[in-house]
Amino acid sequence: MKVDLLIQDVRVYNSYFKKFIDGNVAVLDGRFLYIGKQGTETFEPGEVLAGGGRYLIPGLVDIHLHIESTMVTPETFSFALIQNGVTTIVPEPHEMANVFGIEGIKEMIRVSRDCVVDMKYAIPSSVPATSMETTGGSVEIADIDELLRSEEIICLGEIMNYVEVISDPDCKTNQILRHIRKEYPHLVIEGHVPKLLDLDLHQILFAGVDSDHTHQTPEGMEERIAAGMFLEIQEKSMTEEVMEYLIKHDVSEHFCFVTDDVMTDSLYKRGHLNHIVKKAMAMGMEPERAIYASTYTPAKRMNMHDRGAIAPGKIADFLLVSDLRELVIDQVYKNGKKAYDAKEAYVQAEQPRQFPGHFYESIQLAPLTEADFTVQADAPDNRYPCRVMLVQNGSTFTEDHRGIVEVKDGELCWQESPYGLIAVFERYGKNGNRGYGLISGDTIKRGAVATSYSHDNHNLLVVGHNPHDMMVAANEVIRNQGGFYVVENGEVIASLHLPVGGILTEEPLEKTAKEVEQLRRAMESLGYQHYNPIMSISTHSLPVSPALKITDIGLIDVNAGKVVPLLLM
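Given the structure is predicted, the values throughout are model-derived calculations rather than measurements. (Residues numbered from 1 in each chain as written. Predicted model: local features only at pLDDT ≥ 70, side-chain atom pairs only at ≥ 80, totals over all residues. Heavy atoms only, no water.)

Q: For this particular structure, what's the right way to read the side chain of aspartate 265?
A: For aspartate 265, the location among the structural elements is in helix α10 (residues 264-269). If we skip the residues at most four places from it in the chain, aspartate 265 touches Ala513, Val516, Glu517 and Arg520. (Helix = DSSP H or I, 4+ residues; strand = E, 2+ residues; numbered from the N terminus. Contact = heavy atoms within 4.5 Å.)

Structure below.
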């Protein structure tokens, strides 16, 4: 029998028994044909690959992530993924959708089609995430219908506005959910439900949202699994308590590992989903179960029954691994063809402009002056209690802290206070909105940081301790049509240019990774104390992530789902 490829003498991972079985593997037309003891006495292979007793495991599958979080294009992302054994992903481009609407989604899908890694897209369901922010685009029910007719879509992306789902039956998100349940009853619906328990959690499930990828606790996981919710465990949830629960309980069918957001320098240095698999094993999970949670269960969750296992008829995506617990990847095969070999040079090709011209001219905001960082206060001269966004290391959540600030001559004396200023400027040329707040905690203690990479609305976000540095940083973002700029004493000390929609770069992975690392160090040099300062600051404008956030509309009490005043009078 003729076959394209015969892999001899390998320890093959069997997903159905969750164990390795010694044997040979035959591949035909990009799919697995046979797994067993028979070899060249039965098959006439076009190519023979000596396994040498190595481990053969399915290509890794990541079903919840945002390419834009790495701030590179799909092509660059694919270049990185394949080296780390990831062969299929389900990206949700809600960052690009917030900037360009349905056009942004379609362009991300278009530029993904020629990538080595399979990219099966999720439709962003929450664009904008709330009604308390201004975005460049939106995703409506008609857009969802169009995408489902015209593009390869695998699920409805994370339902983020869980507060309104529970509290407002007629909100936009509930309208979308009712439409999906009626018109596309088999479409997978992904969720974002941090900290919800008991009745609130059950109401979310009743609405059709049956997964959660946010920060987990053993108590929360147990309630979710008991109610039929699927868990997507990202690295920040991999605490000792969570991992102990996953290891000790028979819940393999109810969770998988995902990455969600990976910064460029981390992707370049540590890897991707393979890093999480290695970490799970280092924390005591048996390799067979860690592999299951990064191949079979994610594929099953997304109804991708053609992959995630090494079995007859499945797509021949696989890794050859020489050290299982360290997950040392020697080779990666995609559709039965070698896509990566650790012993061979793997060079990223040059990328010309891949997106339409207007994607590089998305910031419609005039240069700012120092006066734009003066905060007006409609209150008599006095000292007032106020809200302060408290940044904490270990989480992208913030606290709604109480402080004291002085008002004099109708202005907030924030520079004389112990706090920094945080400001958001609407940058799409729609309404000129701007929101102001005070910030403290594990953030910068001097200088300024400005960025157009601010989840999810991607308006201009500026944090700083003096108006001049804030002006300089903000104007660099505006002048360069997007990016991250760190300023101290009027000088730019680190920068990252993001010209595609103000959120992506087309520069090579290695160059971008180095610039992101320099950006991180510069923010730390100004006093930022956080495991991921870039992600921390960029989520200050995310009004679905607890507890106090800010948009161009103003300060947002996330748990209450409403705009709240800075001064408490």
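On we go.
Q: Explain the pattern of salt bridges to me, please; I cannot follow it from the model alone.
A: Once the charged atoms of two side chains with opposite charge are near each other, the side chains can pair. In total, this model carries 32 salt bridges according to the counting rule given. For arginine 113, the salt bridge is made with glutamate 151, and the minimal N-O distance between the two is 2.5 Å. With arginine 113 in the loop between α3 (102-112) and β8 (118-119) and glutamate 151 in the loop between α4 (141-150) and β10 (153-159), the pair connects residues that are 38 residues apart, well separated along the chain. Note that arginine 270 and glutamate 235 form a salt bridge whose closest N and O atoms lie 3.2 Å from each other. Placement of arginine 270 in the loop between α10 and α11 (273-282) and of glutamate 235 in the loop between β13 (230-233) and α9 (240-248) is noted, with a sequence separation of 35 residues between them. (Salt bridge = Lys/Arg side-chain N within 4 Å of Asp/Glu carboxyl O.)

Q: Please explain helix α1 (residues 74-83) as it appears in this structure.
A: With 8 of its 10 residues buried, α1 lies for the most part within the structure. Among all positions in α1, only Pro74, Thr76, Phe77, Ser78, Phe79, Ala80, Leu81 and Ile82 are buried. (Buried < 20%, exposed > 50% of the residue type's maximum accessible area, 1.4 Å probe, protein only.)

Q: What is the right way to look at the packing of aromatic side chains in this model?
A: A ring pair, where both rings are aromatic, is described by two values, the distance of the centres and the angle of the planes. Inspection of the entire model under this criterion finds 15 aromatic pairs. Ring geometry for phenylalanine 355 versus phenylalanine 359: centroids 5.7 Å apart, planes at 15°, classification stacked. Just as phenylalanine 355 is buried, phenylalanine 359 falls in that class too. On the basis of an interplanar angle of 80° and a centroid distance of 5.6 Å, the ring pair of phenylalanine 373 and phenylalanine 425 is categorised as edge-to-face. Residue phenylalanine 373 is located in the loop between β17 (337-341) and β18 (382-391), and its partner phenylalanine 425 is located in strand β21 (residues 420-425); the two are separated by 52 residues in the primary sequence. The residues phenylalanine 373 and phenylalanine 425 share a single accessibility class, namely buried. Chaining the aromatic ring pairs together yields one cluster made of Tyr13, Phe20 and Tyr55. A cation over an aromatic ring shows up here: lysine 18 above the ring of tyrosine 292, its NZ or CZ 4.2 Å from the ring centre. The ring of tyrosine 360 has arginine 353 sitting right over it, with the charged end atom 3.9 Å from the ring centre. (Phe/Tyr/Trp six-rings, centres within 6.5 Å; stacked < 30°, edge-to-face > 60°. Lys NZ or Arg CZ within 6 Å of the ring centre and 35° of its normal.)

Q: Hey, could you run me through unusual backbone geometry in this one?
A: The bulk of non-glycine residues show a negative phi, and the bulk of peptide bonds are trans. Cis peptide bonds are those with omega within 30 degrees of zero, and the linkage from valine 127 to proline 128 qualifies with -5°. Topologically, proline 128 is positioned in the loop between β9 (121-123) and α4. Here the bond from proline 546 into alanine 547 is cis, since omega is 0°, no more than 30 degrees from zero. Within the fold, alanine 547 resides in the loop between α16 (533-538) and β27 (548-551). Here asparagine 303, not a glycine, exhibits a phi torsion of approximately 60°, which is positive. Along the polypeptide, asparagine 303 turns up in the loop between α13 (296-301) and β15 (318-323).

Coordinates in, geometry out; function isn't part of it.
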